[in-house]
Amino acid sequence: MDGFTACLGKAYPQCCRPELTENIPRKKEVAESKLNIVVAGAGLIGRLLAWRLSKKGHQITLFESGSLKHPAGACQTAAGMISPLSELFHCPLPIYQLGMQSLQYWPQWAQQLELATGVSVDYRQAGSILIAHPQDRSELLQFQQELNAKLGPEKSGQLQWLDRNALQNLEPELSGFERGLYLASEADIDNRKLLPALLHALEVNNVQLREQTPVECRPGEILTGNRTEKFDLVLDTRGLGARSQIAGLRGVRGEVMVVETAEVTLNRPVRLLHPRYQLYAVPRANNQTVIGATEIESDDMSPISLRSTMELSSALYSIHPAFAEARIIKTRVNCRPATMDNMPVVESRPGLIRINGLFRHGYLLAPALAAQAEREIDTLTQTTEQVT
Amino acid sequence: MADKLTLYGKEFDSRLLVGTALYPSPAIMREAVAASGAQIITLSLRRQSPAQQQGKILWDYIQESGCQLLPNTAGCKTPKEVIALAEMSREIFGTDWLKLEVIGDDYNLQPDPFGLVEAARELLKRGFRVLPYCTDDLVVCRKLLDVGCEVLMPWGSPIGTGRGLMNKYNLRTLRERLPDTPLIIDAGIGAPSQACEAMEMGFDGVLLNTAIARAQNPVLMAEAFRLAIESGRAARNAGLMLQRQTASPSTPTLDMPFWQQTINSGEES
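Reading the values: rules and limits
Residues numbered from 1 in each chain as written. Chains lettered and ligands numbered in written order. Predicted model: local features only at pLDDT ≥ 70, side-chain atom pairs only at ≥ 80, totals over all residues. Heavy atoms only, no water. Contact = heavy atoms within 4.5 Å. Buried area = accessible area lost by both parts, 1.4 Å probe. Salt bridge = Lys/Arg side-chain N within 4 Å of Asp/Glu carboxyl O. Polar contact = N/O pair within 3.5 Å; in protein donor to acceptor, adjacent residues only side chain to side chain. Helix = DSSP H or I, 4+ residues; strand = E, 2+ residues; numbered from the N terminus. Buried < 20%, exposed > 50% of the residue type's maximum accessible area, 1.4 Å probe, protein only.

(A) Representation of the interface of chain A and chain B within the structure. Of the residues lining the interface, 26 residues belong to chain A; the matching set on chain B comes to 19 residues. Roughly 2000 Å² is buried in total at the junction of chain A and chain B, and carbon and sulfur atoms are behind 47% of that figure. Counting every contact that joins chain A to chain B gives 0 salt bridges. Scanning the region where chain A abuts chain B turns up 3 residue pairs in polar contact (both at pLDDT 80 or more).

Right, here's the structure in full:
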């Protein structure tokens, strides 16, 4: 286990190793430096990899068990937050470290996509704000204490206390709150724009798209029904679809709502801290706000429960009473693929790389993990060039 | 000397009961449970659509700990909801042990004493071993014993607050008036010192979740609670000295007449 290998279990830090040198899947006799690669699973990480690798001239085939236009995975349900600091509250340090790497990639990748497709993906780096009601103020202090302990004093400057005035300067609608925490480096992206943009970019790059086709992944080959197809490299990014291949992979239910009102305008993601409920509100175009998200230990895709709707709506209402007249545009439910340690899995062997278990951190982790895979494949290409 | 905790005829070495929610990950939860030495662990089913068993992979993972499972009815507000969930838990986990929760107030999650007694009566009739999460009210506790509960779990303070033993007068009364009933402090414990104090006061065990699960290092905190509870129990068994009004030297002060010493020591008060 080294290099770009499994980080199931204890080997967390390997996930975030910036340089990858060993255990490269070797293809002995490839005549060209361009590989014939299959990506199985057109969720966020699958699309990113297919796009990045096709840009480099590799021949890419993308399989999806469902529809490409209407992805069934968690990527479609998420709120698209890229918030390494907020997530560090309940996560180990490697999640933060990978997230900080992703924050480096996103602006450039978003721009490249917009240029390639002519469609905006609404990448926004305006930070995020944490608030709590007066009776729950200790939650903010607990947050600060936790981050200081995990990051050390020199990095805790990334957290900025806001008094009433400072808070109102950033978010005039949060006038009911005396103080807040500002995490200036955090960002978000509109996943509902990003996913179609990526698909568009794949079409432009002549990626072979095969939807409604469930596959099984093996080193150097995939199985579709009874047929086996050979490739130089298989990238398995099927999320919960790869359940049988990844020990302890489970679905964690999440529920979100989309509401619409012109009466309250937020400028960036806002999180309301509470001892039991966690609410985020992410403003989107057209006066819409995505609110979420529950986290229920159940692989359950049934519609949102009444209780969750009430919890999410009342938390939102408590941020600003004008949300009471917001219209509920949509409710969405999905299951996040997670391992028992809630860390991503990156498994590499000759001819096959599996990336999975991004849990509630898809948009936070995907670019960093995709870039790692890309670097590994670059090394592989160089190696095969030397072989031939 | 064997110092076992006996609940419904089953003996346990550990007097710490822990919850399985709110941990950073299932893996850390299981490590923390092991570090706590707990032999009884609670788990919640309410929101996980138990009928479809969609949380099964996690339940199996929890079950591998080998502890006595104590499914709870967290989130239920009426005896009817409780009974439906209890029956489902019994079927899924193959245990008739149940931590009975009937919530009477949404904000502080205070138990509903009336629903509690009603639900306990029915569950005991159905063969459950009921461990009710109740307030520290003596009369409610007695009613629960009357319907057949063999263990009571009064709160220290509201769930998740970490405020420790809020009403020590009531808790002491419970201990004194119900000397033969196993009493486990459930909820509100935030620090090992508070758990230790509960044990020193003579409670038979402590059940907690948030203080461990939300610690920066849950595994280390679990160990801290294990030590605190062992320490408090040992202190109780050893017999605590009584507090005195003033500091009193343990050897006579030579330069003071003995009658003066008696007056000053305050021991007669």
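The discussion continues.
(B) Quick look at the environment of Arg 137 of chain A. Residues and elements named next belong to chain A. Along the polypeptide, Arg 137 turns up in helix α5 (residues 137-151). Owing to a relative accessible area of 32%, Arg 137 belongs among the partly exposed residues under this scheme. Sequence separation of Arg 137 and Thr 213 is 76 residues, and the distance between their C-alpha atoms is 50 Å. Those residues in contact with Arg 137, other than ones at most four positions away along the chain, are Ala 132, Glu 178 and Arg 179.

(C) Molecular detail of unusual backbone geometry. The amide bond that connects Gly 292 of chain A to the next residue, Ala 293 of chain A, takes the cis arrangement and shows omega of -15°. Considering the arrangement of structural elements, one finds Ala 293 of chain A in the loop between β16 (288-292) and α8 (306-319). Of note in this structure, Asn 206 of chain A is not a glycine but carries a positive phi near 60°. When you line up the elements, Asn 206 of chain A lands in the loop between α7 (191-204) and β8 (208-210). Given a relative accessible area of 67%, Asn 206 of chain A falls into the exposed group. Phi is positive for Leu 22 of chain B, close to 70°, though the residue is something other than glycine. By secondary structure assignment, the location of Leu 22 of chain B is in the loop between β3 (16-19) and α1 (26-36).

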